[in-house]
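# Fold and geometry: a report
Now for the letters of each chain:
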Amino acid sequence: MKQAIAKSADIPEGGRIVIDIPGATIGLFRAAGSLYAYENTCPHQGGPVCQGLLIPAVEERLNKDGTAAGFRFDPSDPRVVCPWHGYEFSILTGRHPGNAAIRLRSVPVSEEEGIVYAEL
Ligand code: FES
């Protein structure tokens, strides 16, 4: 069943809200022009993952000889960091960057005329 859960304007690009819907608390994220929704339960130990710090991916750059050349942020790969133990997840895929088997549970959402709907 499709149910209205938020206004599109409440989630600007790069933003996030955490809301209660029937049967779950979810995080809604807007990144790279799209909307993503995940249950607010970390697959590690159940922490409120969607309420964590939002950061771009951090990449280590290497010189041609393999030595470290410092770090850089990659804003095209936004992440959320679980506040309990620091597990990090891609907002675009819901996956942990070091182990693709560890992932957030996505919630199907859509938008029409400024309203966000979830399939419940
Ligand atoms: S509960 Fe999220 S990192 Fe442990």
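Before any of the text, the structure's been laid out above.
An account of the accompanying structure is given in this report. (Residues numbered from 1 in each chain as written. Predicted model: local features only at pLDDT ≥ 70, side-chain atom pairs only at ≥ 80, totals over all residues. Heavy atoms only, no water.)

### Brief notes about unusual backbone geometry
Stated precisely, the cut-off is as follows: Put simply, DSSP marks the helices as runs of H or I at least four residues long and the strands as runs of E at least two long, and each gets a number from the N terminus on.
A positive phi angle is found at Ala 32, which is not glycine, with a value near 50°. Within the secondary structure, Ala 32 is located in the loop between strand E3 (24–31) and strand E4 (34–39). Unusually for a residue other than glycine, Glu 113 sits at a positive phi of about 50°. Note that Glu 113 resides in the loop between strand E10 (109–112) and strand E11 (115–119).

### Quick word on the sheet that holds strand E6 (residues 68–81)
Our working definition: Pairs of strands are assigned from DSSP output, requiring at least two bridges between the strands. Where helices are involved, their axes are fitted lines through C-alpha atoms of the stretch in contact, as for all axes, and angles between N-to-C directions lie from 0 to 180°.
Strand order in the open sheet formed by three strands is E5-E6-E7, and the pairing between neighbours is antiparallel. The strands lining the two open edges of the sheet, one partner per strand, are strand E5 (53–62) and strand E7 (88–90). Geometrically, the sheet is characterised by an average inter-axis angle of 50° between neighbouring strands, direction not taken into account. In terms of strand pairing, E5 meets E6 through nine bridges, oriented antiparallel. The residue bridging Val 58 from the neighbouring strand is Phe 73, located in E6.

### A few points about the packing of aromatic side chains
This is how it is decided: Between rings of Phe, Tyr and Trp, where Trp is taken as its six-membered ring, a pair exists when centres lie within 6.5 Å; planes separated by under 30 degrees are stacked, by over 60 edge-to-face, and by other angles tilted. Classification of residues uses two cut-offs on accessible area relative to the type maximum, computed with a 1.4 Å probe and protein chains only: under 20% is buried, over 50% is exposed, and between them is partly exposed. By definition, being over a ring means that NZ of Lys or CZ of Arg is both within 6 Å of the ring centre and within 35 degrees of the ring normal.
Going through the model one piece at a time under the given rule, you end up with one aromatic pair. Judged by centre distance (6.2 Å) and plane angle (55°), the rings of Phe 29 and Tyr 38 are tilted. By relative accessible area, which is 4% here, Tyr 38 ends up buried. One residue, Lys 2, lies across the ring of Tyr 117, its end atom 4.8 Å from the ring centre.

Distances and angles like these do not, on their own, reveal function.
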